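As a plain string of letters, each chain reads:
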Amino acid sequence: MPVTEKKKVILSGIQPTGVFTLGNYLGAVKNWAGLQDEFQCAYMIADLHAITVRQEPAELRKRTLDAFALLLAAGIDPQKSLTFIQSHVDLHAKLSWVLSCFTQFGEMSRMTQFKDKSQKHPDNVNVGLFTYPVLMAADILLYQADFVPVGADQKQHLEVTRDIAARFNGIYGDVFTIPEPYIPKAGARVMSLQDPTKKMSKSDTNPNGYITILDTKEQIINKCKRAVTDSDREVVYREGKDGINNLLNIYSSITGKTIPECEREFEGKGYGEFKTAVGETVADELRPIRENFARLRADTAYLKECYTAGAQMAYRAGRRTVEKVYKKVGFLLP
Ligand code: TRP
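Keep in mind it's a predicted model, so treat the numbers as computed, not measured.

Trainee: Which residues make up the overall build of the chain, and what values go with them?
Mentor: Scanning the chain from terminus to terminus reveals 13 helices and five strands. A globule of 334 residues ought to have a C-alpha radius of gyration of about 20 Å, and the chain, at 21 Å, matches this closely. Principal-axis analysis of the C-alpha atoms places the extent of the chain at approximately 75 × 45 × 45 Å. Within the chain, buried positions represent 48% of all 334 residues. Long-range pairs, those at least 24 residues apart, make up 75% of the contacts in the chain with a sequence separation of at least 6. Carbon and sulfur atoms make up 52% of the accessible area of the chain, which totals about 16900 Å². Between the centroid of the 44 positive side chains of the chain and the centroid of its 40 negative side chains there is a distance of 4 Å.

Put into structure tokens, the structure is as follows:
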């Protein structure tokens, strides 16, 4: 009888804190969709994480649904992958508490994101913001994830997840799979169109700095045309040409062409022509997603069906981990 190999588990999450940008799409969600056959994937909307920064309740609810619809619009198949909303699965909070007792104060104090965020919101340096990485560790360890696709800003949190897991395993035996970062084969780190030394972000005060997945073709082309570049005229990837490099990365990531191939394509052509081509390519790439999103987002009954089933499946997948952990630490089972 053939031995069927168990698929490795991949888990990732995204916070429902606003409209998604081209950066979120090319850097994360698009890759997630491509992993669904090779791996058992779990993708969640991290609403518990979102409240570490004050949120307007109605807005958070809306954005959570937006984010969920967007995962589906981007090709994540709830039949294949665990697709759910973090707060629907209470196991995350339970495991997070136990793990927090295996995490050192000093470890959390070193997290650069905590330092950044507490500087940005000095009036609300809450304990949740401080223990945020423990909750993230719980998300990952609950499902015994083998791999976690994360961007540079989350790498330190994954490192600390590994430390917590190894510490727990060191005391109680092999309870947790130690997760590894998953470095995608393709995918781009997309920078701001207005300041290409900074990551593209929806919190940019200048909306020309970012493209959202819901922008129209016209808006996208306009933003690309206005992208900050430099004063020479060659479309080549070179140090110091951050604006052009960024546009080349975007173009290459969508078309699948290598950077030298892209350079050759635009040899002898001006920036104007190049920028329009990038804009059109981005718009064509995002159009089906925008359309799928509009259709799915209008069908709240269907979305509810998906996230209800997703939460149940996630619960079934994570339950054993919490049971095991509770037993190991010595809780009397009810
Ligand atoms: N903290 C992540 C972010 O802000 C989101 C997240 C929550 C996550 N839980 C996770 C990512 C678990 C990977 C794995 O981007």
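Trainee: Residue-level account of the site of the ligand, with values.
Mentor: Taken together, the neighbourhood of the ligand is formed by 13 residues, with Q15, M44, Y132, D139 and Q154 sitting nearest. Between Q154 and the ligand, the recorded distance is 3.2 Å, taken from a side-chain N or O atom to a nitrogen atom. Coverage of the ligand by the protein amounts to 90% of the 360 Å² it exposes when considered alone. Of all the secondary-structure elements, those providing two or more residues to the shell around the ligand are β1 (9-14) and α7 (127-142). Ranked by residues supplied to the shell around the ligand, first place goes to α7 with four residues.

About the thresholds
Residues numbered from 1 in each chain as written. Predicted model: local features only at pLDDT ≥ 70, side-chain atom pairs only at ≥ 80, totals over all residues. Heavy atoms only, no water. Helix = DSSP H or I, 4+ residues; strand = E, 2+ residues; numbered from the N terminus. Rg over C-alpha atoms; globule rule 2.2 N^0.38 Å. Buried < 20%, exposed > 50% of the residue type's maximum accessible area, 1.4 Å probe, protein only. Contact = heavy atoms within 4.5 Å. Areas by Shrake-Rupley, 256 points an atom, 1.4 Å probe, with all protein chains shown as cover. Lys, Arg positive; Asp, Glu negative; His and termini not counted. Charge placed at Lys NZ, Arg CZ, Asp CG, Glu CD. Near = heavy atom within 4 Å. Polar contact = N/O pair within 3.5 Å; in protein donor to acceptor, adjacent residues only side chain to side chain.

Function-wise, these values are silent; they only describe arrangement.
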